[in-house]
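If you want the building blocks of each chain, they are given just below.
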Amino acid sequence: MFIRELDKCDQITAGDNTTLSELYNSLKDDIQINHSLAHAVVRPGQTTYKHKLSSTEIYYILEGTGEMFIDKESRTVKPGCAIYIPPGSVQYITNTGETDLKFLCIVEPSWSAEDEEILQ
């Protein structure tokens, strides 16, 4: 059984300036999956850097409110929203609320630094 606890994962500042805790990544963990799963936090008033991945990504909003930008579209997001981000799309998210914006990031195939381009 492979269980990871969020509060025991290392927190990093990702290339897009998100506070990130990687839960699973098939490139680093000895598990049979083809995706990665991370917990992300964007502080109130902050916006992540514009970036794009060569992989497919899904955000699932857990807490807070924000504005999600994908290419030329934007939408308000809140808990319960699942956001599909196509490969190669320019993306970023702004925390528009008073509390931390928390969400899960699922990347398939698994996230790697070589697959991400920061645009700012």
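Just above, that's the structure.
None of the values given here were measured: they were computed from a predicted structure.

**Quick look at the overall build of the protein chain**
Working step 1: If you tally the helices and strands in the protein chain, you get zero helices and eleven strands.
Working step 2: Sequence-ordered secondary structure for the protein chain, helices as α and strands as β, is β-β-β-β-β-β-β-β-β-β-β.
Working step 3: In terms of C-alpha radius of gyration, the protein chain reaches 14 Å, essentially the compact-globule figure of 14 Å for 120 residues.
Working step 4: In terms of overall dimensions, the protein chain has a C-alpha envelope of 35 × 30 × 25 Å along the principal axes.
Working step 5: Put simply, the protein chain has 120 residues, and 39% of those count as buried.

**Considering the nonpolar core**
Working step 1: Core analysis: the largest hydrophobic core is formed by 16 residues, its most contacted members being Tyr-59, Ile-61, Met-68, Ile-83, Ile-93, Phe-103 and Cys-105.
Working step 2: For this core, the elements supplying multiple residues, two or more each, are strand 3 (36-42), strand 5 (56-63), strand 6 (66-70), strand 8 (82-85) and strand 10 (101-108).

**Brief notes about a nonpolar patch on the surface**
Working step 1: Taken together, the side chains of Ile-58, Tyr-84 and Ile-106 define a hydrophobic patch exposed on the protein surface, amounting to about 250 Å² of accessible area.
Working step 2: Looking at the secondary structure, you find Ile-58 in strand 5.
Working step 3: In this structure Ile-58 comes out as partly exposed when scored by relative accessible area, which is 32%.

**Describing unusual backbone geometry**
Working step 1: Across the junction of Glu-108 and Pro-109, the peptide omega takes the value 0 degrees, indicating a cis bond.
Working step 2: Mapped onto the secondary structure, Pro-109 falls in the loop between strand 10 and strand 11 (116-118).
Working step 3: Even without being a glycine, Asn-17 presents a positive backbone phi close to 80 degrees.
Working step 4: Here Asn-17 shows up in the loop between strand 1 (11-13) and strand 2 (19-25).
Working step 5: Under the relative-accessibility criterion, Asn-17 is labelled partly exposed at 30%.
Working step 6: One non-glycine residue, Asp-71, lies in the positive phi region at around 55 degrees.
Working step 7: Overall, the relative accessible area of 47% leaves Asp-71 in the partly exposed class.

Reading the values: rules and limits
- Residues numbered from 1 in each chain as written.
- Predicted model: local features only at pLDDT ≥ 70, side-chain atom pairs only at ≥ 80, totals over all residues.
- Heavy atoms only, no water.
- Helix = DSSP H or I, 4+ residues; strand = E, 2+ residues; numbered from the N terminus.
- Rg over C-alpha atoms; globule rule 2.2 N^0.38 Å.
- Buried < 20%, exposed > 50% of the residue type's maximum accessible area, 1.4 Å probe, protein only.
- Core = buried A, V, L, I, M, F, W, Y, C linked by side-chain atoms within 4.5 Å.
- Patch = residues over 30% accessible without salt bridge, like charges linked within 9 Å, V, L, I, M, F, W, Y side chains within 5 Å.
- Areas by Shrake-Rupley, 256 points an atom, 1.4 Å probe, with all protein chains shown as cover.
- Salt bridge = Lys/Arg side-chain N within 4 Å of Asp/Glu carboxyl O.

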